[in-house]
Amino acid sequence: MKIGELAKATDTQVETIRYYERIGLLSAPGRSAANYRIYDPSHRSRLSFIRHSRQLGFTIDDIRSLLDLADHPERDCAEADNITTRHLRQVEAKISHLTRLRDELVRVSGRCRGGLSSDCQVIETLADHGHCTAKHE
């Protein structure tokens, strides 16, 4: 299939496919007599793996490592588990941080009593970090 067909089949932008080729995540396809890129089912499968991994938030380096494992099926898969476990910890830390931020925003947004902005409790609370109960950056 041509690059446009691969893009449509995997819901991926053509430029993204070219980028993945440039950085070595996707192997260069063969070329037709007219010099069009011609992709085979293995390209589609690999691109789907990359896309799914990106949707789950894995970094390019993590995906590169996971693909390397997939390319060497005789290797121990402990590294895949390590990569996934590390990523899960990062996601859990982000969720914890976002939960604290949400709670603080709920608390701040509930302070508004209406009136003039010169007397606004939301603005006053945001101006004085000492009113903040959440630990955030």
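Keep in mind that what you see is a predicted model, and the values were worked out from it rather than measured. (Residues numbered from 1 in each chain as written. Predicted model: local features only at pLDDT ≥ 70, side-chain atom pairs only at ≥ 80, totals over all residues. Heavy atoms only, no water.)

Opposite charge on two side chains permits pairing when their charged atoms draw close. Enumeration according to the criterion identifies nine salt bridges in this entry. Of the charged contacts, one joins D62 and R86 as a salt bridge, the two residues approaching to 2.5 Å between their closest N and O atoms. Highlighted residues: D62 in helix α4 (residues 60-71) and R86 in helix α5 (residues 78-109), separated in sequence by 24 residues. Residue classification places D62 among the buried positions, given a relative accessible area of 8%. Accessibility expressed as a relative area gives 38% for R86, which makes it partly exposed. Measuring nitrogen to oxygen at the nearest pair gives 3.0 Å for the salt bridge that ties R102 to D103. Its relative accessible area of 49% is what places R102 among the partly exposed residues. Judged by its relative accessible area of 41%, D103 falls in the partly exposed class. A network of salt bridges, in which partner residues are shared, links E15, R18 and R22. (Salt bridge = Lys/Arg side-chain N within 4 Å of Asp/Glu carboxyl O. Helix = DSSP H or I, 4+ residues; strand = E, 2+ residues; numbered from the N terminus. Buried < 20%, exposed > 50% of the residue type's maximum accessible area, 1.4 Å probe, protein only.)

Parsing the chain into structural domains produces domain 1 (3-56) and domain 2 (78-131). Centre-to-centre separation of domain 1 and domain 2, based on C-alpha positions: 38 Å. (Domains from an automatic or database assignment.)

Bringing the packing of α4 against α5 into the picture now. Where α4 contacts α5, the axes come no closer than 10 Å and their chain directions differ by 155 degrees. By the angle class used here, α4 and α5 are roughly antiparallel. The handedness of the crossing between α4 and α5 comes out as left-handed. Mapping the contact onto sequence places D62, S65, L66 and L69 in α4 and E79, A80, I83 and R86 in α5. Split into classes, the residues belonging to the contact of α4 with α5 amount to four nonpolar, one polar and three charged. (Axes fitted to C-alpha atoms, helices over the stretch in contact; angles between N-to-C directions. Parallel < 35°, antiparallel > 145°, perpendicular 65-115°, else oblique. Left-handed = near helix turned anticlockwise from the far one by under 90°. Contact = heavy atoms within 4.5 Å. Nonpolar A, V, L, I, M, F, W, Y, C, P; charged D, E, K, R; others polar.)

For T12, the position within the fold is in the loop between α1 (3-10) and α2 (14-22). A distance of 3.0 Å separates the side chain of T12 from the side chain of R51, its partner in a polar contact. Other than its neighbours up to four places away in sequence, T12 contacts A7, I17, L47 and R51. (Polar contact = N/O pair within 3.5 Å; in protein donor to acceptor, adjacent residues only side chain to side chain.)

So, about the nonpolar core. In terms of nonpolar packing, the biggest core is built from 16 residues, with I17, Y20, L25, L47, I50 and I63 touching the most fellow members. Taken together, the elements giving at least two residues each to this core come down to α1, α2, α3 (41-55) and α4. Per-element tally for this core: the top contributor is α4, with four residues. (Core = buried A, V, L, I, M, F, W, Y, C linked by side-chain atoms within 4.5 Å.)

Moving on, we come to the packing of α3 against α4. Packing of α3 against α4 leaves a shortest axis separation of 10 Å and a crossing angle of 140 degrees. Here α3 lies oblique to α4, going by the angle between them. Crossing of α3 over α4 shows right-handed handedness. Contacts between α3 and α4 involve R46, F49, I50, S53 and R54 from the first element and I60, I63, L66, L67 and D71 from the second. When its residues are assigned to classes, the contact of α3 with α4 shows six nonpolar, one polar and three charged.

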